Every structure is written in C-alpha cells, then in structure tokens.
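Residue-level structural notes
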Amino acid sequence: MSLNDTVSGDRLHIGFFGRRNAGKSSLVNAVTGQNLAVVSAVKGTTTDPVKKAMELLPLGPVLIIDTPGMDDEGALGSLRVEKAKGILNETDIAVLVVDASTGKTPADETLLTLFRQRKVPFLVVYNKCDLLKVLPNDAPAEEHALFASAETGFHIRELKEAIAALAPAKTPMSPIVSDLLSPGDLVVLVVPIDSAAPKGRLILPQQQTIRDILDAGAIAAVTQHTQLQETLARLCRPPRLVITDSQVFAQVSAVTPPEVALTSFSILFARHKGNLALAVRGAAALDTLQPGDAILISEGCTHHRQCDDIGSVKLPRWIRAYTKKDFQFVFSSGTEFPEDLSPYRLVVHCGGCMLSPRQMQFRQHCAQTQQIPITNYGVLIAYMQGILPRVLQPFPDIAAQLPMHR
C-alpha cells in the first residue's frame, strides 16, 4: 500500500484549532501548500471540520483537519464548537492558532486545558506576526510555541518541523492476523457476496486482512459461505485458520472442522484497533439487561444502510431473539459518538476499521470510566450463538477471561 493509499484511520491526525479569524485556514493552506480551506475576512467561514488526507514531509501520510472557531456564537455556533471539540477525540497532534496581534484569550486557554486533559501533544502558533510592529526574532516564552505568518510564509518550514517533532513515537498496533501465522500457512477467508457487499470490490477489513496474510508469507484463499464446505474438501491439507464475516458465523462454524481455528474480521479488528479483552468481558452484560434498557449500536463509518443492515436491523433482531426481551436501540455512525454514555446499559461497536486507534480507544475509555459495558459486533454475535470460546481459541490469553455463558 503506497502512502497515497493509506486509509485515514491509519494516518497521523493533525488538528488546527483556535478562535475565529485567528488564521487557522490560512495556516492550514500554508502548511499543506494547497488551497485546502476557504479563507475569508468574515468570521466563521469554516463552519464544519474540513479534512484532507495527504503526504506531509517529513511526517509522511497524515490527515489535516481544519476546525470551526472555538468562539463561535449562537445556537448553531455552539453546535459547531461541540463538533470541533469532538475532533480532539481523533487528534494525534493539536495546533492552537493564536492571533499574534491580540494574544491568547480565555477561549484559547480553554483549548489548552482540553489538550492537556485529553493528553494530546500540542503546539501554539502565534500567526499573523507580520502585523506586529517588530518582527520577533526569538520564540515565544513558552514551551512548544513559535511565531509564524501564513501571509508571508515566515516560519512555515519551522512549523512543519515542530509538528513532526511532536509526532508520538510509533507504537505498533496489534497486527491484524500476521502474528498468528507462519510462512506457508493457509488461511481461508469467508466473504459473503450479498446486497450489503460493495459492487465490484471487497470491504476494507477484508482487503487489509488479505494484505496482512500475504505480508506474513502465508497463503490466502477466498470463498463464500455457501461454497466453504466444497472449498475445504478440495484442499490437500486443513487451513491454519478460517476468518469469516460475523454475519454468517453460525453457517461457517457448522462447516468448519473443530480442529481448525475460526474467528471473524470483526474480532480481528477489535484486537487490531482497540481492546479485545474489554469487548469479550462486555458481551456477558447482555444477559443482565432488563426490558426497556437502552443499547447503543455504533459504527465507525457512514454508509448507505441496506434493507437488512447488520447494525440497525440484524443485530437488534438477533438480540431480541436471544434475550426474549425488547430494548430501546439507539444508533450512531461515523464520528458521531456520545461521550455521555449514562443513558445506555450496553454499547455494541463495530470493528472500527475506519477509525484511528486513538478514536477507538477513546470510545472504549469513555465506556470504561462510566462503567458501561462495551462489546463488539463479532464478539456479541459469537456469544449469542454459543461459539465465543471457539472463535477466541487463536487468542488464548483473552479466552482465559471468557465470561460465563448463561
């Protein structure tokens, strides 16, 4: 996968924050060398976060985010401010843009407090320093701060270098599946082709899993669940692992020999992006829910919902059938995720293939700190079908934490 093909969830997220008319959009354009953001003397020109995936030297693939002014006013302005705050949940490096001619304001100090609370590395940029009577030669008297001018290009190169210096040490994510394989191992991937499958292509988790298998020197064979039995019969040796779409867990489990390890794309990505053990512990909470309790079903991406969509249709149907109870189901998708989870008694989240690890881990952290159980699509489906111990066999340390099934 080239730098230009790197998915947004795997890019370093750099957010530009500040008051209206501090010059955020101009600075974004200067840093990227593109007219990414609309620039105007009118306050509040940026009304929604603007994102651009690109390569930024010396960092490599990044996602640049320009946010609305944090001092926006009125009812609509308050919504924009909340959306800008939400961007912090996915930000790896924050850039606070301050108008050098006026200095920091209470709104800027509030942002700095948020950065520190969220443990986001940050840089303070005093923009518009060309408006000062004397061009500053020294850096501001505070850590991680510099003067710059988007208008004249002053210190733009230094700004890029300062951002790069703040990049968190590359903490490797858990592999998708490669650490479970040896060179030459055979892996069978079960990919249903139905109304929810994108025309002419595979969905992102399937693509990335295949690539991870190949990177491990292993062999990937792809089939549909209706052809799995025939596929296994044609193989000269049993596969090391079968990976399936969670929606067809029951059919695949019935066909796959018990000595062959089985798991799902959703479970693999729960480990890859977040905390699989937490998702496993959360599944048992389903047995404790009472009729009328609210369940939040959250997806990390936005897509056109099919008539039999897994999140909004299949999961509620399967949960009702398993529990014999009726619940209130609430749905969220994309970047929309409520930080206040107190109205819910359970959160069921997708694998998070489109989210960054920081986003996924923030959502799990919200649930943990508020003591709301959180689980994963694949984990919960396997739990309801009574096959969770089997699909966790590839992860013995996590399998040891299995909740007791009712």
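Since we're looking at a predicted model, the values are computed, not measured.

Some points on the nonpolar core
Counting residues in hydrophobic clusters, the biggest one holds 64 residues, and the most contacted among them are V177, L276 and I295. Looking at this core element by element, the count peaks at 7 residues for helix α12 (residues 377-384). Other than its neighbours up to four places away in sequence, V177 contacts T209, D212, I213, L241, I243, L268 and R271. Of all hydrophobic cores here, the second largest spans 24 residues; its members include M54, I64, I156 and A162.

Some points on the side chain of D293
Summarising the element assignment, D293 is placed in the loop between α9 (276-283) and β11 (294-298). It turns out D293 is buried and unbridged, and the closest side chain with the opposite charge, R345, is 4.8 Å from it. One polar contact links the side chain of D293 to the main-chain amide nitrogen of Q290, over a distance of 2.7 Å.

Quick look at empty space enclosed by the protein
The full count for this structure, using the stated rule, is 1 cavity of 30 Å³ or more. Considered as a void within the structure, the largest cavity measures approximately 50 Å³ in volume. Forming the walls of the largest cavity are A270, A279, H349, C350, M360, Q364, I374, T375 and N376. Those elements giving two or more residues to the lining of the largest cavity turn out to be α11 (357-369) and β14 (374-376). With 3 residues, β14 is the largest single contributor of residues to the lining of the largest cavity.

Thoughts on the sheet that holds strand β8 (residues 219-223)
Read across the open sheet, the 4 strands follow the order β8-β7-β9-β10; overall the sheet is parallel. In this open sheet, the two edge strands, each paired with only one partner strand, are β8 and β10 (261-264). Going across the sheet, the axis of each strand differs from the next one's by a mean of 25°, ignoring polarity. Both strand β7 (residues 186-190) and strand β9 (residues 241-244) contribute to a ladder of 4 bridges, which runs parallel. Residue pairing for β9: V188 is matched across the bridge by V242. Running at roughly 75° to β10, helix α8 (residues 265-273) makes contact with β7, β9 and β10 of the sheet.

Focus: the environment of P136
Relative to the helices and strands, P136 resides in the loop between β5 (122-127) and β6 (145-147). For P136, a relative accessible area of 14% translates into the label buried. C-alpha of P136 to C-alpha of L146: the two residues are 10 residues apart in sequence and 9.7 Å apart in space. Residue contacts for P136: discarding those within four places in its chain leaves C129, F147 and F154.

A short note on the packing of aromatic side chains
Summed over the entire model, instances satisfying the criterion amount to 5 aromatic pairs. Relative to F147, the ring of Y126 has its centre 5.7 Å away and its plane inclined at 45°; by these criteria the two rings are tilted. Of this pair, Y126 sits in strand β5 while F147 is found in strand β6, placing the two residues 21 residues apart along the sequence. Using a relative accessible area of 17% as the deciding quantity, one classes F147 as buried.

Quick look at unusual backbone geometry
Not every positive phi belongs to a glycine, and H144 is a case in point at roughly 55°. In this fold, H144 is placed in the loop between β5 and β6. Positive phi, close to 55°, is recorded for Q371, a residue that is not glycine. Of note, Q371 is situated in the loop between α11 and β14. Here Q371 falls in the exposed class, since its relative accessible area comes to 72%.

Rules and cut-offs
Residues numbered from 1 in each chain as written. Predicted model: local features only at pLDDT ≥ 70, side-chain atom pairs only at ≥ 80, totals over all residues. Heavy atoms only, no water. Core = buried A, V, L, I, M, F, W, Y, C linked by side-chain atoms within 4.5 Å. Buried < 20%, exposed > 50% of the residue type's maximum accessible area, 1.4 Å probe, protein only. Helix = DSSP H or I, 4+ residues; strand = E, 2+ residues; numbered from the N terminus. Contact = heavy atoms within 4.5 Å. Lys, Arg positive; Asp, Glu negative; His and termini not counted. Salt bridge = Lys/Arg side-chain N within 4 Å of Asp/Glu carboxyl O. Polar contact = N/O pair within 3.5 Å; in protein donor to acceptor, adjacent residues only side chain to side chain. 1 Å grid on protein atoms, 1.4 Å probe; cavity = no way out; pocket = protein on both sides within 12 Å on 5 of 7 lines; lining within 4 Å. Points joined across faces, edges and corners; volume = space filled by probe spheres on them. Pairing = 2+ DSSP bridges. Axes fitted to C-alpha atoms, helices over the stretch in contact; angles between N-to-C directions. Phe/Tyr/Trp six-rings, centres within 6.5 Å; stacked < 30°, edge-to-face > 60°.

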